[in-house]
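# Fold and contact review
What follows is each chain in one-letter form.
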Amino acid sequence: MLLSRFPRVSLAHLPTPLELMPRLSEHLGGPNIYVKRDDCTGLGTGGNKTRKLEFLMADAVANNADVIITQGAVQSNHARQTVAAACKMGMECELVFEKRVEDPSDPYINSGNVLLDRIFGAHIRDVEKGTDMDAAMEDVAEELRSAGKTPYIIPGGGSNRIGALGYVDCALELMSQANSEGIVIDHVVHATGSAGTQAGLIVGLKATNANIPLLGIGVNAPKDVQEEKVYKLAVETAEYVGAAGVVQREDIVANCDYVGEGYGIPTKAMNDAVMLLARLEGLLFDPVYSGKGLAGMIDLIGKGYFAGARDIVFIHTGGVAGLFGYSDQLHTGS
Ligand SMILES: *Cc1c(COP(=O)(O)O)cnc(C)c1O
């Protein structure tokens, strides 16, 4: 497995720091909890999609693209990082937004990520909840082609085998940090959605025989659906990097007990986790993904899921801009 074989552009600040959260670890009574700061990838306020975009945008260049099309929810962190990448590469960007949240508030439709999308000059189209988003992006592509442009479609969350390479690379980066800093990682935990992060990480961990269990905390789909989605992409990604067969179905573990009422709908546990981390560690997490991921990790520590572990790593996938889109739905208690 040699990732330098794949075309890549530089968009992210790498390596991202791996930091101990001493006050959180103490508060929870162990294990040592480290945070891998993928919220600090740097592009347009950062986040996990930037690693994927390094490979996706290189593929767009190889395909002579002059306009990028992608899709997501209105407060999509992926869309925000994609339009920022398009700006940096001198391309235009079309965003197709699914109105996934019922009765959205004013901050949800005007602040947070969507404000940044507008600052980056995105062309935004809204479609109804339940729309076939791939078909909707294809319609936009057709329209752009007839206007003489060369569009490149990036799937939701940047989650295909090309984007997942970004998280194969993150797994290698994490191992190298653990090795040089003497951290014996017992578990890696992160929020999982469109699957590219978990798929890439598991390929990187398995292909190097790291022997570290990976746990995705779901924010959207039920467990069986989420695990199948990750597994399918992990198998494709492993083949793509020349490590076919390294991932088994049982390597894919998602816990989807912390979704609450649905995607993008705040939960009390998320709210509590966001406030706790802010006040103990001075760290910000997001309401849709990393906050729910943290809520899951904290609850599972209490339930003994990581019993016997000394060091665990939570990958902070970013999304902090989303806090502003949810400003009227977060309870700060102060
Ligand atoms: C997209 C996203 C995730 C989930 O990553 P996937 O690769 O889509 O599974 C997690 N956290 C944040 C903040 C995200 O924006």
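What counts as what
Residues numbered from 1 in each chain as written. Predicted model: local features only at pLDDT ≥ 70, side-chain atom pairs only at ≥ 80, totals over all residues. Heavy atoms only, no water. Near = heavy atom within 4 Å. Polar contact = N/O pair within 3.5 Å; in protein donor to acceptor, adjacent residues only side chain to side chain. Helix = DSSP H or I, 4+ residues; strand = E, 2+ residues; numbered from the N terminus. Nonpolar A, V, L, I, M, F, W, Y, C, P; charged D, E, K, R; others polar. Pairing = 2+ DSSP bridges. Axes fitted to C-alpha atoms, helices over the stretch in contact; angles between N-to-C directions. Contact = heavy atoms within 4.5 Å. Expected span 1.5 Å × (residues − 1). Buried < 20%, exposed > 50% of the residue type's maximum accessible area, 1.4 Å probe, protein only. Phe/Tyr/Trp six-rings, centres within 6.5 Å; stacked < 30°, edge-to-face > 60°. Lys NZ or Arg CZ within 6 Å of the ring centre and 35° of its normal. Core = buried A, V, L, I, M, F, W, Y, C linked by side-chain atoms within 4.5 Å.

Next up on the list: the site of the ligand. Not every one of the 17 residues close to the ligand is listed here, only the nearest: Lys49, Lys52, Ser194, Thr197 and Thr317. At a separation of 2.6 Å, a nitrogen atom of the ligand approaches a polar side-chain atom of Thr317. Those elements that place two or more of their residues in the shell around the ligand are helix H2 (49-62), strand E7 (185-192) and helix H8 (196-207). Looking at the shell around the ligand, its residues break down into three nonpolar, eleven polar and three charged.

Further remarks concern the sheet that holds strand E5 (residues 123-127). Across the sheet, four strands lie side by side as E5-E4-E3-E6; this open sheet has parallel pairing. What marks the edges here is a single partner per strand, and that holds for E5 and strand E6 (151-153). For this sheet, the mean angle separating the axes of adjacent strands, direction not counted, is 25°. Pairing of strand E4 (residues 92-98) with E5 involves five bridges; the strand directions are parallel. Opposite Phe97, over in E5, you have Asp126 as the bridge partner. Its contacts with the sheet put helix H6 (residues 133-146) on strand E3 (67-73), E4, E5 and E6, and the angle it makes with E3 is roughly 155°.

Below, the discussion takes up helix H11 (residues 290-302). For H11, which comprises 13 residues, the first-to-last C-alpha distance of 18 Å matches the rise-based estimate of 18 Å (1.5 Å per residue) to within 8%. The buried fraction of H11 amounts to eleven of the 13 residues, a majority that puts the element mostly inside the structure. Remark: Gly304 follows H11 within two positions and exhibits a positive phi of approximately 80°.

This model, assessed by the stated rule, comprises five aromatic pairs. Ring geometry for Phe6 versus Tyr240: centroids 4.9 Å apart, planes at 50°, classification tilted. Taken together, the residues Phe6 in the segment before strand E1 (18-20) and Tyr240 in helix H9 (residues 223-240) connect sequence positions 234 residues apart. Aromatic pair Tyr263 and Tyr289: ring centres 5.8 Å apart, planes at 75°, arrangement edge-to-face. Of this pair, Tyr263 sits in the loop between strand E9 (253-255) and helix H10 (268-281) while Tyr289 sits in the loop between H10 and H11, and the two are 26 residues apart along the sequence. Here the two residues Tyr263 and Tyr289 agree in accessibility, since each one is buried. Above the ring of Tyr167, the side-chain terminus of Arg51 is found at 5.7 Å from the ring centroid. The ring of Tyr263 has Arg100 sitting right over it, with the charged end atom 4.5 Å from the ring centre.

Grouped together as the largest cluster of nonpolar side chains are 96 residues, with contacts concentrated most on Met57, Met297 and Phe306. Looking at this core, the element that brings in the most residues is helix H7 (residues 161-181), giving nine residues. Not counting residues up to four positions away in its chain, the partners in contact with Met57 are Val9, Leu11, Ile68, Ala85, Ala86, Met89, Met91 and Ile154. By size, the runner-up hydrophobic cluster in this structure holds ten residues, among which are Val67, Val96, Val127 and Met137.

Before going further, it helps to examine the environment of Val168. By secondary structure assignment, the location of Val168 is in helix H7. C-alpha separation for the pair Val168 and Pro287, spaced 119 residues apart in sequence, amounts to 26 Å. Contacts of Val168, omitting those with residues within four sequence positions, involve Met1, Leu3, Gly200, Leu201, Val203, Gly204 and Thr237.

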